[in-house]
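Given next are the chains, with one letter for each unit.
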Amino acid sequence: MHEMFEVRWHGRGGQGVVTASRILAIAAFNEGFAGVQSIPWIGAERRGAQIEAYNRISRTPILLHSQVYSPDAVVVVDPSMITRNNNVVIRGLKKSGFLIINTAGTKVIPSIRVPEECLVYVVDATSICLELGLQAAGLYVLAMPMLGAFAKATGLISLKGLRKAVESSFESVLVEKNMKAIEKAYYSTLKVHITPEQYIPPVPPSRPERIPEFRHWTDLPPVPVSTPSKGSIGKTGDWRTHMPVIDKEKCTKCLFCWMYCPEAAVNVNEEGFPEIDYDYCKGCGVCFNECPRKAIRMVVDEKK
Ligand code: SF4
Ligand code: SF4
């Protein structure tokens, strides 16, 4: 697996795409991945409208919070999406990525185009939902069986991890039905043979360049994320009940605290360490929340 595995889901509102993405993140966490994300992109917020969801799965904490532009795996919940516009669905898909499609039969297979070395898997999630009556508010929850297909194709998560995630997400009466759908899909997912004519050059992502994962403030573009002015309504330090205290032993000088402080109350000393300006620090705790190394504690401000 790459350092970070990225997934993009394609489906329609009401097919359980967002729920499945969330369950995948919980399952990955259950499997021991320290960095997991589930991000919905709902667009028009209408049932039947095209939606996407994204997952990131990593052994280490993830600092990137954008949409997924260059996925390692694309999961197509609604088969009409691949037949209507194959290239939109596979945009940015990595050269040796996974394309996992819900489709009945093999009719759709000749129309698939993927970058070289991609692995294509199919599963009939629609029939599984029909057979089990897996519906929510009148629509088949096609994305649930796709979790089983994802597990089978990528080998990244186990059925055990998925069960634990499903148990923590649904009332007990719904757990078995959803798990049955996932298991059925797991065992019926098939790898498809792709002919050389079906390989195409990678389709560029919708953003020209992948936004790098920021590990240090020097990775930031030379444009300030925000430009707060220090205590624009006076010494905002008066507002504070709790104060941030920086542990220099843990601090890596990434300066996320400097970047996120809404009062510009974090200065940088000559050694590159952040220092709090308590005249203006209002004790909001944003720096504490954003510090990726947990190097900031919030303690009661005894002077108050
Ligand atoms: S205190 Fe935390 S956020 Fe601030 S520079 Fe140090 S490690 Fe980074
Ligand atoms: S608590 Fe942190 S983020 Fe909030 S004002 Fe103080 S230094 Fe800035």
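Each remark here, short or long, concerns the structure printed above.
An account of the accompanying structure is given in this report. (Residues numbered from 1 in each chain as written. Chains lettered and ligands numbered in written order. Predicted model: local features only at pLDDT ≥ 70, side-chain atom pairs only at ≥ 80, totals over all residues. Heavy atoms only, no water.)

With that settled, the discussion passes to the overall build of the protein. Assigned secondary structure in the protein consists of nine helices and 15 strands. In the protein, which comprises 304 residues, the proportion classed as buried is 46%. Expressed as a percentage of contacts within the protein between residues at least 6 apart in sequence, the contacts between residues at least 24 apart total 69%. (Helix = DSSP H or I, 4+ residues; strand = E, 2+ residues; numbered from the N terminus. Buried < 20%, exposed > 50% of the residue type's maximum accessible area, 1.4 Å probe, protein only. Contact = heavy atoms within 4.5 Å.)

Glancing now at the sheet that holds strand β2 (residues 35–41). Judged by pairing direction, the sheet is mixed, and its seven strands sit side by side in the order β2-β3-β1-β4-β5-β7-β10 without closing on themselves. Whereas interior strands pair on both sides, the edge strands pair on one side only; in this sheet they are β2 and β10 (190–192). Strand after strand, the sheet turns through a mean of 20° between neighbouring axes, direction not considered. With five bridges joining them, strand β5 (residues 98–102) and strand β7 (residues 119–123) adopt parallel strand pairing. Each bridged residue has a counterpart across the sheet, and for Leu99 the counterpart in β7 is Val120. Packed onto the sheet, helix α5 (residues 143–154) meets β1 (4–12), β4 (73–76), β5 and β7 and runs at close to 145° relative to β5. (Pairing = 2+ DSSP bridges. Axes fitted to C-alpha atoms, helices over the stretch in contact; angles between N-to-C directions.)

So, about the side chain of Glu52. Structurally, Glu52 can be placed in strand β3 (residues 50–58). A polar atom in the side chain of Glu52 sits 2.6 Å from the side chain of Tyr54. Side-chain polar atoms of Glu52 contact the side chain of Arg91, separated by 3.1 Å. Contacts of Glu52, omitting those with residues within four sequence positions, involve Arg8, Trp9, His10, Ile39, Pro40, Trp41 and Arg91. (Polar contact = N/O pair within 3.5 Å; in protein donor to acceptor, adjacent residues only side chain to side chain.)

With four of five residues buried, β7 is to be regarded as a mostly interior element. Judged from the three bridges that link them, β7 and β10 form a sheet pairing that is antiparallel. Pairing of Val122 across the sheet is with Leu190, part of β10.

For any pair of aromatic rings, geometry is given as the distance between the ring centres together with the angle between the planes. In the structure shown here, the tally under the stated rule is five aromatic pairs. Ring centres 5.1 Å apart and planes at 80° place the aromatic pair Tyr186 and Tyr187 in the edge-to-face group. Given the relative accessible area of 22%, Tyr186 is considered partly exposed. Take Tyr187: its relative accessible area is 60%, and that puts it in the exposed class. Site record: aromatic cluster; members linked through ring pairs are Phe5, Phe98, Tyr121 and Phe150. In this structure, Lys152 is placed above the aromatic ring of Tyr186, and the distance from its NZ or CZ to the ring centre is 5.7 Å. We note Lys253 situated over the ring of Phe273; from NZ or CZ to the ring centre the distance is 4.6 Å. (Phe/Tyr/Trp six-rings, centres within 6.5 Å; stacked < 30°, edge-to-face > 60°. Lys NZ or Arg CZ within 6 Å of the ring centre and 35° of its normal.)

Before going further, it helps to examine the site of ligand 1. Close to ligand 1 lie Cys251, Thr252, Lys253, Cys254, Leu255, Phe256, Cys257, Pro274, Cys291, Pro292, Arg293 and Ile296. For the shell around ligand 1, the residue count by class is nine nonpolar, one polar and two charged. (Near = heavy atom within 4 Å. Nonpolar A, V, L, I, M, F, W, Y, C, P; charged D, E, K, R; others polar.)

So, on to unusual backbone geometry. With a phi close to 70°, Glu117 is a non-glycine residue in the positive phi region. Residue placement: Glu117 occurs in the loop between β6 (114–115) and β7. With a relative accessible area of 46%, Glu117 lands in the partly exposed category. Residues other than glycine seldom take positive phi values, yet Leu255 does so here, at roughly 65°. Note on placement: Leu255 falls in the loop between β12 (242–246) and α8 (256–260).

Turning our eyes to something else, we now look at helix α7 (residues 172–188). Given 3.6 residues per helical turn, the α-helix brings residues three or four places apart onto the same face. The terminal C-alpha atoms of α7, which comprises 17 residues, lie 25 Å apart, in line with the 24 Å expected from a rise of 1.5 Å per residue. The elements touched by buried residues of α7 are β7, α4 (125–132), α5 and α6 (159–167). (Expected span 1.5 Å × (residues − 1).)

Turning next to the nonpolar core. Ranked by internal contacts, the top residues of the largest apolar core, which has 46 residues, are Trp9, Ile100, Leu147, Phe150 and Leu162. Ranked by residues supplied to this core, first place goes to α5 with eight residues. Among residues more than four places away in sequence, those in contact with Ile100 are Val74, Val75, Val76, Tyr121, Met146, Ala149, Phe150, Ala153 and Thr154. (Core = buried A, V, L, I, M, F, W, Y, C linked by side-chain atoms within 4.5 Å.)

Let us now look at the site of ligand 2. Ligand 2 sits among Pro244, Cys261, Pro262, Val266, Ile276, Cys281, Lys282, Gly283, Cys284, Gly285, Val286 and Cys287. Among the residues forming the shell around ligand 2, the class breakdown is nine nonpolar, two polar and one charged.

All right, on to the pairing of β5 then. Counting buried positions along β5 yields five of five residues, so the element is predominantly enclosed. Of the two faces of β5, both are covered, the one formed by Phe98, Ile100 and Asn102 as well as the one formed by Leu99 and Ile101. Where β4 lies against β5, four bridges are found, and the strand directions are parallel. Paired with Val76 across the two strands is Ile101, which belongs to β5.

Evaluation of the coordinates by the stated rule reveals 13 salt bridges. We note a salt bridge from Arg163 to Glu167, for which the minimum N-O separation is 3.7 Å. Here Arg163 and its partner Glu167 are both found in helix α6, four residues apart, which amounts to about one turn of the helix. Overall, Arg163 belongs to the partly exposed group, its relative accessible area being 24%. The partner of Arg163 in a salt bridge is Glu176, with the nearest N and O atoms 2.9 Å apart. One end of the pair, Arg163, is in helix α6; the other, Glu176, is in helix α7, with 13 residues separating them in the sequence. Residues joined in a network through salt bridges with shared partners are Glu6, Arg56, Asp72 and Lys94. (Salt bridge = Lys/Arg side-chain N within 4 Å of Asp/Glu carboxyl O.)

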